[in-house]
Amino acid sequence: MTPEAHPDPAAQGVAETLVATLPRIRELHGRTVVVVAGHHVLADDKLRHAFCGDIGFLRYSGVRTVLVHDGGPHLPAWLDDDPAALRTHVAGYVQRGLVGSLNDHTTLAVGLTGEDGRTLEVGEGEDVRVDPGVLRVFLDSGRIPVVSSIAYGKDGGIRHLAATSAATALASALDAALVLPAGAGAVGPASATFVDMAVPHAVLRHLHRL
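Calculation notes
- Residues numbered from 1 in each chain as written.
- Predicted model: local features only at pLDDT ≥ 70, side-chain atom pairs only at ≥ 80, totals over all residues.
- Heavy atoms only, no water.
- Phe/Tyr/Trp six-rings, centres within 6.5 Å; stacked < 30°, edge-to-face > 60°.
- Lys NZ or Arg CZ within 6 Å of the ring centre and 35° of its normal.
- Patch = residues over 30% accessible without salt bridge, like charges linked within 9 Å, V, L, I, M, F, W, Y side chains within 5 Å.
- Areas by Shrake-Rupley, 256 points an atom, 1.4 Å probe, with all protein chains shown as cover.
- Salt bridge = Lys/Arg side-chain N within 4 Å of Asp/Glu carboxyl O.
- Helix = DSSP H or I, 4+ residues; strand = E, 2+ residues; numbered from the N terminus.
- Axes fitted to C-alpha atoms, helices over the stretch in contact; angles between N-to-C directions.
- Parallel < 35°, antiparallel > 145°, perpendicular 65-115°, else oblique.
- Left-handed = near helix turned anticlockwise from the far one by under 90°.
- Contact = heavy atoms within 4.5 Å.
- Nonpolar A, V, L, I, M, F, W, Y, C, P; charged D, E, K, R; others polar.
- Buried < 20%, exposed > 50% of the residue type's maximum accessible area, 1.4 Å probe, protein only.
- Pairing = 2+ DSSP bridges.
- Lys, Arg positive; Asp, Glu negative; His and termini not counted.
- Polar contact = N/O pair within 3.5 Å; in protein donor to acceptor, adjacent residues only side chain to side chain.

Draft legend 1. Layout of the packing of aromatic side chains. For the structure shown, the criterion picks out zero aromatic pairs. The ring of tyrosine 152 has arginine 118 sitting right over it, with the charged end atom 3.7 Å from the ring centre.

Draft legend 2. Representation of a nonpolar patch on the surface within the structure. Together, Val14, Leu18 and Phe57 make up an exposed nonpolar region whose accessible area comes to about 260 Å². Examined against the element boundaries, valine 14 turns out to sit in helix H1 (residues 9–20).

Draft legend 3. Highlighting the packing of helix H4 (residues 45–60) against helix H5 (residues 83–102). Running from N to C, H4 and H5 cross one another at 60°; their axes reach a closest spacing of 8 Å. With respect to H5, the element H4 is oriented oblique. Crossing angle aside, the handedness with which H4 passes H5 is right-handed. The residues of H5 that touch H4, namely those facing Arg48, Cys52 and Ile55, are Gly97, Leu98, Ser101 and Leu102. Tallied by class, residues from the contact of H4 with H5 come to four nonpolar, two polar and one charged.

Draft legend 4. Main features of the pairing of strand S9 (residues 177–181). Burial within S9 is extensive, with four of its five residues counted as buried. One ladder, built from three bridges, connects strand S1 (residues 32–36) with S9; its direction is parallel. Bridge pairing in S9 places valine 33 opposite alanine 177. Here S9 pairs with strand S10 (residues 193–195) via three bridges, running parallel. Considered in S10, the bridge of proline 181 is made with valine 195.

Draft legend 5. Geometry of the side chain of aspartate 70. Relative to the assigned elements, aspartate 70 resides in the loop between strand S2 (64–69) and H5. One buried charged residue, aspartate 70, remains without a salt bridge, the closest side chain of opposite sign being arginine 48 at 12 Å. Side chain to side chain, aspartate 70 and histidine 39 meet in a polar contact 3.0 Å long. At 3.0 Å, the side chain of aspartate 70 and the backbone nitrogen of glycine 72 are in polar contact. In contact with aspartate 70, not counting residues within four places along its chain, are His39, Leu42, Val90, Val94, Ser149, His160, Leu161, Ala162 and Ala163.

Draft legend 6. Representation of the pattern of salt bridges within the structure. Per the stated rule, a full pass over the model turns up seven salt bridges. Its salt-bridge partner being arginine 87, residue glutamate 115 comes within 2.9 Å of it at the nearest N-O pair. Taken together, the positions of glutamate 115 in the loop between strand S3 (109–113) and strand S4 (120–122) and arginine 87 in helix H5 put the pair 28 residues apart, joining distant regions of the chain. When salt bridges that share partners are traced, they join Arg24, Glu27 and Arg209 into one network.

Structure, rendered in structure tokens:
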């Protein structure tokens with residue numbers, strides 16, 4: 001077989017980029033990362049596809065990733081007065097779209113809410129309690145948990161948490177790194193990092209320092 005006389009410069013660049021990521025892949029392998037799917041991702045098909053590609057790459061390079069989302073940027077206000085419809089919208093419509101996009105890249109995504117296994121529970125004083133047992137089962141089996149930020153309420157009902165609040169509590173319980181969407185009013189613990197999810201592949205570029 002004759003070697004290619006004039007290798008494709010684009011292919012050469014891709015190969016060099018892949019090799020350059022090896023030290024960071026080794027560093028991240030086995031770590032747990034909690035990532036919030038920002039509203040840009042939930043509202044834009046192209047950004048969601050790029051974002052889910054990032055999550056798939058992380059999974060196949062050995063990162064234990066938990067994805068968290070809320071009701072998205074267009075959540076009707078009236079749903080707050082109808083818990084059943086709220087759950088259907090967040091854990092049905094929004095989550096199904098996200099899991100479906102992830103499974104275009106990997107068949108390992110699995111959806112759940114904070115109610116499942118009482119993973120998220122709002123207690124007295126509005127504090128958020130976490131039982132990460134279900135998430136650890138999924139992570140240990142190589143799955144990508146996609147968590148809707150619907151929590152079990154202290155009154156036996158449900159609570160719709162902001163995705164950042166849910167993710168912050170989960171990251172603390174899992175001793176995980178935390179990646180949150182940047183933007184106006186972005187808040188989070190000092191240990192969190194913020195990325196502009198209006199930029200395609202922002203999560204991968206951030207974690208791999210590209």
